[in-house]
Amino acid sequence: MLIQYNKKIPKDALCIIDMIEKAGFEAYIVGGCVRDLLMNRVPHDWDITTSAQPEEVKKIFKRTYDTGIKHGTVTVILNEEHYEVTTYRIEGEYKDFRRPTEVSFVEDITLDLSRRDFTMNAIAYHPERGFVDPYNGQADIEKRLIRSVRSATERFTEDALRILRAVRFSAQLGFKIEEDTLKGINKCKDLLTHISKERVRDEFLKICLSPRPEHINELKELGLLEYIIPEFIGGYNTPQNHPHHVYHVAQHTIVAMQNIEPTVRLRLTMLLHDVGKISTRTTDKHGIDHFYNHPKKSVHIAEKVLKELKLDNRMIKEVGQLIYYHDYHIKHTIDKVYVKKMLREIGPELFDELLKVQNADAHAQNLEKLGPKLIIIEKQRKLKEEVLANEEPYQKSMMKLTGSDLMEAGIPKGKKIGWLLDKALDKIIYDPTYNEKEKLVAYCHKIYTED
């Protein structure tokens, strides 16, 4: 029976266990990798726990480095692969609701498992002795349940981030959170105020990137959104009474997230693309809702949210650009001039992302009106391909004109040079045949003398 599991475990991990045990200690594979083995998933990491203390582990292996030696973790390098090996431990008081002030090493694997978050993660596995499962984690995996080890209130009081981890695992695995665990979340959720924004962000992004971003609804139902992105909550009370829409703002957003690939940039764009509608909704005399200038408002809110969640500046800028232009095509004639202007603003890569955003947005609206929207998206794609294939200029670096050319033509150095280059680019966006040095110099000189 164990053979089916042993075949899936890296030989190096099995070798580490064997070497530790030959030195007179116990060792097991533990945690999420055991859960994934039982679920026939591919583990990302292989964690090993042992009765050997850190200094003893370092004596057994030639190549190690201290990862978190204060908490019993040493990284072992075997055949260039890195494996974390952690001593069995129990934990002291959690004064910051995140990490214990101290740990004590123990020699009983069941004591070590007792400190873990959920039963599905509190299972150890040995290639010969099999599973150690004191909290019936295997049964909960079969039932597809997320259940706290022992008291949910104690586990969440120790480490409040486990509250978000419960929802994250639910989103990633499709498991339900067990009733007593839900009660513990409700009782302890205020402790999330003690958790760093970076930690909150990491768990929230994993929910957003999961196969089930609709678990954002679970965050709302559990009263957790206010600790992450309170600006989004109003979307649940913002209807869209409009022929092109069938959902309120929050549900439209989540359906849009379901319809786009799971990258941070795209999922965050869909999450925040309509958040400005909450404060811009107006209703005309026919009962039709309108959301004038909501993209601009959404960008403003998105920048605030993403800064608070400690996203990097490049991500904030690019998400903002995608949000700002997500329905720009609705108000403009789609032709090569439009496409080149967009390429000038955001570049080819982000242009492709923008089409994905438009597609996801359209699929989260009234599907009876989907056809014409897809035609517009495809038209933009084809025009962009033509522009690139024909090498039609859309940015200054593609012009056959430089600032030096203008100064050589007698135009003084200064702000006017940049202004004239912009004017020249506008000209060749409309008429690519104008992209010749002589023509552009003459054109700019004429504008300069008339100004």
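Up top is the structure these notes are about.
So, here's what we can say about the structure.

Procedures and definitions
Along every chain, residues carry numbers that run from 1 in the direction the sequence is written. Reporting in this predicted model follows two pLDDT cut-offs: at least 70 for local features of residues, and 80 or more for side-chain atom pairs to be given and counted; totals over whole chains, interfaces and linings ignore these cut-offs and use all residues. The basis for every side-chain value is the complete set of heavy atoms in the structure, and neither hydrogens nor water enter the calculation. Throughout, exposure labels follow a simple rule: accessible area from a 1.4 Å probe, protein chains only, divided by the maximum for the residue type, with under 20% read as buried, over 50% as exposed, and the rest as partly exposed. What counts as a helix is a DSSP run of H or I of at least four residues, what counts as a strand is a run of E of at least two, and both are numbered from the N terminus. At least two DSSP bridges between two strands are needed for those strands to be called paired. Expected helix span is given by 1.5 Å per residue-to-residue step, counting one fewer step than there are residues. What the arc covers is the set of directions going from the helix axis to the C-beta atoms. Here, two residues are considered to be in contact whenever any of their heavy atoms come within 4.5 Å of each other. The set of buried Ala, Val, Leu, Ile, Met, Phe, Trp, Tyr and Cys residues whose side-chain atoms join them within 4.5 Å is what this entry labels a nonpolar core. What qualifies as a polar contact is a pair of N or O atoms within 3.5 Å, subject to a donor-acceptor requirement within protein and to the restriction that residues adjacent in sequence count only when both atoms come from side chains. Just to be clear on terms, a salt bridge is a Lys or Arg side-chain nitrogen sitting within 4 Å of an Asp or Glu carboxyl oxygen. In this description, a line fitted to the C-alpha atoms serves as the axis of each element, helices being fitted only across the stretch in contact, and the angle between N-to-C directions of two axes falls anywhere from 0 to 180 degrees. Oblique is the label for every angle not falling under 35 degrees (roughly parallel), over 145 degrees (roughly antiparallel), or within 65 to 115 degrees (roughly perpendicular). Throughout, a crossing is termed right-handed when the near helix is turned clockwise from the far one, and left-handed when it is turned anticlockwise from it by less than a right angle. Throughout this entry, Asp, Glu, Lys and Arg are counted as charged residues, while Ala, Val, Leu, Ile, Met, Phe, Trp, Tyr, Cys and Pro are counted as nonpolar. The remaining residues, Gly among them, count as polar.

1. Regarding the pairing of strand 1 (residues 27-30)
Turning to step 1, where the next piece is worked out: Of the two faces of strand 1, the one lined by Ala27 and Ile29 and the one lined by Tyr28 and Val30 are each fully buried.
Turning to step 2, where the next piece is worked out: Strand direction decides the pairing type here: strand 1 and strand 2 (residues 48-50), joined by three bridges, are antiparallel. Each residue of the ladder has a partner; that of Ala27, found in strand 2, is Thr50.
Turning to step 3, where the next piece is worked out: Alignment of strand 1 against strand 8 (residues 124-126), held across two bridges, turns out to be antiparallel. When the bridges of strand 8 are listed, Ile29 appears paired with Tyr125.

2. Comments concerning helix 2 (residues 11-22)
Turning to step 1, where the next piece is worked out: Look at helix 2: 16 Å from first C-alpha to last across 12 residues, which is about the 16 Å you get at 1.5 Å a residue.
Turning to step 2, where the next piece is worked out: Residues of helix 2 that are buried: Asp12, Ala13, Ile16, Ile17 and Ile20. Projected down its long axis, helix 2 shows its buried positions confined to an angular sector of 145°, all on one face. For helix 2, the exposed residues lying more than 90 degrees away from the buried face are Lys11 and Lys22.
Turning to step 3, where the next piece is worked out: If you follow the buried residues of helix 2, they end up packed against strand 1, strand 2, helix 4 (54-60), strand 4 (73-78), strand 5 (81-87) and strand 8.
Turning to step 4, where the next piece is worked out: Positive backbone phi, at 100°, marks Gly24, one or two positions downstream of helix 2.

3. Things to note about the nonpolar core
Turning to step 1, where the next piece is worked out: Judged by nonpolar contacts, the single largest core of 87 residues is most densely connected at Ile16, Phe204, Ile216, Leu219, Leu224, Ile229 and Leu271.
Turning to step 2, where the next piece is worked out: Sort the elements by how many residues they give to this core and helix 8 (residues 161-173) lands first, with eight residues.
Turning to step 3, where the next piece is worked out: What Leu224 contacts, discounting residues up to four positions off in sequence, is Ile163, Leu164, Val167, Ile185, Lys189, Leu192 and Leu219.

4. Here's the deal with helix 19 (residues 415-430)
Turning to step 1, where the next piece is worked out: Along its 16 residues, helix 19 runs 24 Å from first to last C-alpha, staying within 8% of the 22 Å computed at 1.5 Å per residue.
Turning to step 2, where the next piece is worked out: All of the buried residues in helix 19 are Ile417, Leu420, Leu421, Ala424, Leu425, Ile428 and Ile429.
Turning to step 3, where the next piece is worked out: Looking at the buried positions of helix 19, the neighbouring elements they touch are helix 16 (336-363), helix 18 (403-408) and helix 20 (437-450).

5. Some details on the side chain of His126
Turning to step 1, where the next piece is worked out: Inspection of the secondary structure puts His126 in strand 8.
Turning to step 2, where the next piece is worked out: Given a relative accessible area of 2%, His126 falls into the buried group.
Turning to step 3, where the next piece is worked out: Within the structure, the side chain of His126 is placed 2.9 Å from the side chain of Glu21, a separation counted as a polar contact.
Turning to step 4, where the next piece is worked out: Looking at His126, its side chain comes within polar contact range of the main-chain nitrogen of Arg129, at 3.2 Å.
Turning to step 5, where the next piece is worked out: In contact with His126, not counting residues within four places along its chain, are Leu2, Ile17, Glu21, Ala27 and Tyr28.

6. Some points on the side chain of Asn366
Turning to step 1, where the next piece is worked out: Within the secondary structure, Asn366 sits in the loop between helix 16 and helix 17 (370-389).
Turning to step 2, where the next piece is worked out: A polar atom in the side chain of Asn366 sits 3.0 Å from the backbone nitrogen of Glu368.
Turning to step 3, where the next piece is worked out: The contact partners of Asn366, leaving out residues within four places of it in the chain, are Pro243, His244, His245 and Val246.

7. As for the pattern of salt bridges
Turning to step 1, where the next piece is worked out: Going through the model one piece at a time under the given rule, you end up with 36 salt bridges.
Turning to step 2, where the next piece is worked out: A salt bridge links Arg155 to Glu154, with the nearest nitrogen and oxygen atoms 3.6 Å apart.
Turning to step 3, where the next piece is worked out: Using a relative accessible area of 1% as the deciding quantity, one classes Arg155 as buried.
Turning to step 4, where the next piece is worked out: With a relative accessible area of 42%, Glu154 lands in the partly exposed category.

8. Some thoughts on the packing of helix 15 (residues 313-324) against helix 16
A pair of packed helices can be characterised by two numbers: the angle between their axes and the separation between those axes.
Turning to step 1, where the next piece is worked out: Taken N-terminus to C-terminus, the directions of helix 15 and helix 16 make an angle of 70°; their axes are 11 Å apart at the nearest point. Between helix 15 and helix 16, the crossing angle belongs to the class labelled roughly perpendicular. Here helix 15 and helix 16 pass one another in a crossing that is right-handed. Residue-level contacts link Glu318, Gln321 and Leu322 of helix 15 to Glu345, Ile346, Leu350, Glu353 and Leu354 of helix 16.
Turning to step 2, where the next piece is worked out: Among the residues making up the contact of helix 15 with helix 16, the classes are represented as four nonpolar, one polar and three charged.

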